[in-house]
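Residue strings, one per chain:
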Amino acid sequence: MQHKVLECISKKKYDIFEKMILSHKAALSSRTIVIWGAGVLGIQFSMVLKKFCDKEFFFCDNDPQKWGKTKMETKILSPQALENKSSEFFIFLAIEEAPDCTLQIQNMGYKNGCDWCNLDDEVQKNFVLNFTENTDAECLVFADCISENVSIEDVEDGSIGDNLNLNCSTKIVSLNGLYMRAYYNLLAVLSAKMKNLKTVMFLIDLSTFAPRVHLLKGNQHANLMKLVLGREGTLEEEQRQFLQETEKRSNTLAFEGVANIQNDSASEVQIELAKKVYTKLNYMYTWDEYSESVVYLERILQICAEQHIKLMFVLMPINYILAKRYFGEQFTEKYGAILSHLNDHLKKPCVKTIDLSFLLQEKDFISITNTSEGIRASGRTETVRAIFDAINLEEDG
């Protein structure tokens, strides 16, 4: 039995994918569409493709075990089926940081821009542009995926980040899976460039401090970090070490964590087990005072204190009702203990914490294969309203 494996997508990715589909409309009208890569990025692109193009499409993958099988009721082809057939196929490469696949497609006779395009390249270009522009802003917001994701069904309502139109000029930097050391290095570079910077806001949840989140391969974004930090010219030694570490972790670490179940034939039992494991790893861990995450949290606090920058931590809503159904009071106790440790670090002058952990109901979350993949439109509206209310309350006080 097949089921929906994804519903969420970053609003920025949605806009980029829409633009790419429409800009290649002429080529797509006369050729068969192939999505190279059937992982998260490929599935997300397929959701957008279905909204703007009613043509049949195929997936392609280098794994022989997948050839002839289906993903989301769509057949998976072998690369050999596409060789020297650029007049018949148009390829969208949907794999993050995959230079080997880029070379492979070119060697098969496809010309970039005419016969194929790289989705991740466009996503990275957008991030770099966003990172380098609007350096006159007074407020810098770092946001994780929960703040940028929308449902493919309600994308027109915008993400939480889109709707955080603060009373001062605002720059929002958002990327899935960033961890505290990455946030610190991005902040160090931006705070030196943003001469009018008065406030830094983090939209995160407690999974950011989970013990091994900084080791996840998918969280390294090694090439992207190199693009945004390396373009600054002479790097500080700590940024150089950070880039070396992301490269090392990307290439050598096997730890992948618990990803979304992308198998559309997974059983309900498998899906529920994955949700429970996800909850336990991300919201019921033991706080480690000596972890990399805590070390770089303190460094973020230090850099803001030294530069007299106001710091705000918004703890984003989590699907606590589902978590309590799985683990009962054990979840409440574990989550509360982590929160208490974090608050001990944040009890400093010029630091404000806005805890929205328990703001929303279960119906407000998209939780197909984990507990908090995204927030539905009504929940996003309520979250933005709560952030504004907390800010306004402080200003009135």
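Our structure is the block above this text.
The notes below deal with the structure included here. Since we're looking at a predicted model, the values are computed, not measured.

Along the polypeptide, His345 turns up in helix H14 (residues 329-346). Dropping the residues within four chain positions of it, His345 is found in contact with Trp287, Glu289, Val294, Leu297, Glu298 and Leu301.

Where burial is concerned, most of strand S2 (residues 32-36) is hidden: four out of the five residues are buried. Each parallel crossover has a hand, and the one from S2 via helix H3 (residues 40-52) to strand S3 (residues 57-60) is right-handed.

To continue, consider the packing of helix H11 (residues 268-283) against helix H13 (residues 320-327). Helix-helix packing is described using two parameters, namely the angle between the two axes and the distance between the axes. In the contact formed by H11 and H13, the axes pass within 10 Å of each other and the chain directions differ by 100 degrees. With respect to H13, the axis of H11 lies roughly perpendicular. Contact residues: H11 offers Glu272, Lys275, Lys276, Thr279 and Lys280, while H13 offers Leu322, Ala323, Tyr326 and Phe327. When the residues that make up the contact of H11 with H13 are grouped by side-chain class, the tally is four nonpolar, one polar and four charged.

What follows concerns the pattern of salt bridges. Taken as a whole and assessed by the stated rule, the structure comprises 21 salt bridges. A salt bridge links Arg380 to Asp154; the nearest nitrogen and oxygen atoms lie 3.1 Å apart. On the criterion of sequence distance, the pair formed by Arg380 in helix H15 (residues 377-396) and Asp154 in the loop between strand S9 (149-151) and helix H7 (160-163) is long-range, its members being 226 residues apart. As far as the burial class goes, Arg380 and Asp154 line up, both buried. Arg240 is the partner of Glu237 in a salt bridge, and the nearest nitrogen-oxygen pair spans 2.9 Å.

Here is what the cut-offs are and how they apply
Residues numbered from 1 in each chain as written. Predicted model: local features only at pLDDT ≥ 70, side-chain atom pairs only at ≥ 80, totals over all residues. Heavy atoms only, no water. Helix = DSSP H or I, 4+ residues; strand = E, 2+ residues; numbered from the N terminus. Contact = heavy atoms within 4.5 Å. Buried < 20%, exposed > 50% of the residue type's maximum accessible area, 1.4 Å probe, protein only. Right-handed = clockwise from strand over helix to strand, strands pointing away. Axes fitted to C-alpha atoms, helices over the stretch in contact; angles between N-to-C directions. Parallel < 35°, antiparallel > 145°, perpendicular 65-115°, else oblique. Nonpolar A, V, L, I, M, F, W, Y, C, P; charged D, E, K, R; others polar. Salt bridge = Lys/Arg side-chain N within 4 Å of Asp/Glu carboxyl O.

Don't take any of this as a statement about function, it's just geometry.
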